[in-house]
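# Coordinate inspection notes
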Amino acid sequence: MGDTRESSIIPLPGPDGHRQAPPGVPRPWERTDLAQAALEGATGPEPPAPPVCPACGLVGDRRVTYYGRHVLLEPDLPVPAHIVPAWHRWYVDADGTAWNSRETEPEPGAVCRIPHRITCPALRLEEVGLWRWLDAVRAENARRALRGAVGAPPPKPPEALPNAG
């Protein structure tokens, strides 16, 4: 299989071979997928529920993962991947599918997305990390949640700033 260019993938017999089990047949990989979703934080609300955080009420960018669960990403916030903690770097493929790079170091110049769960203003004190930029995003999300900005665009800045002396 080394230089012969033969496929190293061996199909498994039974319904797990292509992961397309007929209706009503047990799916042995389902527990593994649920465990991976919990480990990576892909615990966003599943459709048809709206993509709203159940803890703070803010709307997120819901993306499906390759194992069929959904992750709620912080909307419109691409971040340089090297400043995001490991296991929180999410990438979105061209077809819209999200995947977590786990502890893999990002390529130089890579940009990723962050899950809403690490910027949620409803985090408990022991869940808040040591990353100051995430604290700033969390504080802004808290202001948005207090204003009731669920899905609403941010307010426009004033035309002229007041004279502060």
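Small disclaimer: the values here were computed from a predicted structure and weren't measured. (Residues numbered from 1 in each chain as written. Predicted model: local features only at pLDDT ≥ 70, side-chain atom pairs only at ≥ 80, totals over all residues. Heavy atoms only, no water.)

## A closer look at the overall build of the protein chain
What the protein chain contains, in helices and strands, is 2 helices and 6 strands. For the protein chain, the α and β elements follow one another from N to C terminus as α-β-β-β-β-β-β-α. For the protein chain, buried positions account for 30% of its 165 residues. Taking contacts inside the protein chain between residues at least 6 apart in sequence as the whole, the part at least 24 apart equals 51%. (Helix = DSSP H or I, 4+ residues; strand = E, 2+ residues; numbered from the N terminus. Buried < 20%, exposed > 50% of the residue type's maximum accessible area, 1.4 Å probe, protein only. Contact = heavy atoms within 4.5 Å.)

## Thoughts on the pattern of salt bridges
If charged atoms from side chains of opposite charge come close, those side chains can pair. Counted under the stated rule, the structure contains 4 salt bridges. Linking Arg113 and Asp61 is a salt bridge whose minimum nitrogen-to-oxygen distance equals 2.7 Å. Linking Arg113 in the loop between β6 (111-112) and α2 (132-147) with Asp61 in strand β1 (residues 61-64), this pair joins segments that are 52 residues apart in sequence. The buried category is assigned to Arg113, whose relative accessible area is 14%. Its salt-bridge partner being Arg143, residue Glu140 comes within 3.0 Å of it at the nearest N-O pair. With Glu140 and Arg143 both in helix α2, this residue pair falls 3 residues apart, about one helical turn. (Salt bridge = Lys/Arg side-chain N within 4 Å of Asp/Glu carboxyl O.)

## Quick notes on the confidence of the model for the protein chain
With 68% of its residues at a pLDDT of 70 or more, the protein chain has an overall mean of 78. Of all helices and strands in the protein chain, the one with the weakest mean pLDDT is helix α1 (residues 30-40) (78), whereas β6 scores best (95). (pLDDT = per-residue confidence, 0-100.)

## Considering the nonpolar core
Counting residues in hydrophobic clusters, the biggest one holds 9 residues: Val79, Ala81, Val84, Tyr91, Ala110, Cys112, Ile114, Ile118 and Leu134. Leave out the neighbours within four places in its chain, and Val79 touches Val84, Ala110, Val111, Cys112, Ile114 and Trp133. Within the second largest apolar cluster, 7 residues are counted, among which are Ala42, Tyr67, Val71 and Ala98. (Core = buried A, V, L, I, M, F, W, Y, C linked by side-chain atoms within 4.5 Å.)

## Some thoughts on α1
Those residues of α1 that sit buried are Asp33, Ala37 and Glu40. Taken end-on, α1 shows its buried residues confined to a sector of 80 degrees, consistent with a single buried face. Exposed residues on α1 whose side chains face more than 90 degrees from its buried face are Arg31, Thr32, Ala38 and Leu39. The inward-facing, buried residues of α1 abut β4 (90-92) and β5 (98-100). Taken from the residues just after α1, Gly41 is the one with a positive phi, measuring 85 degrees. (Arc of directions from axis to C-beta.)

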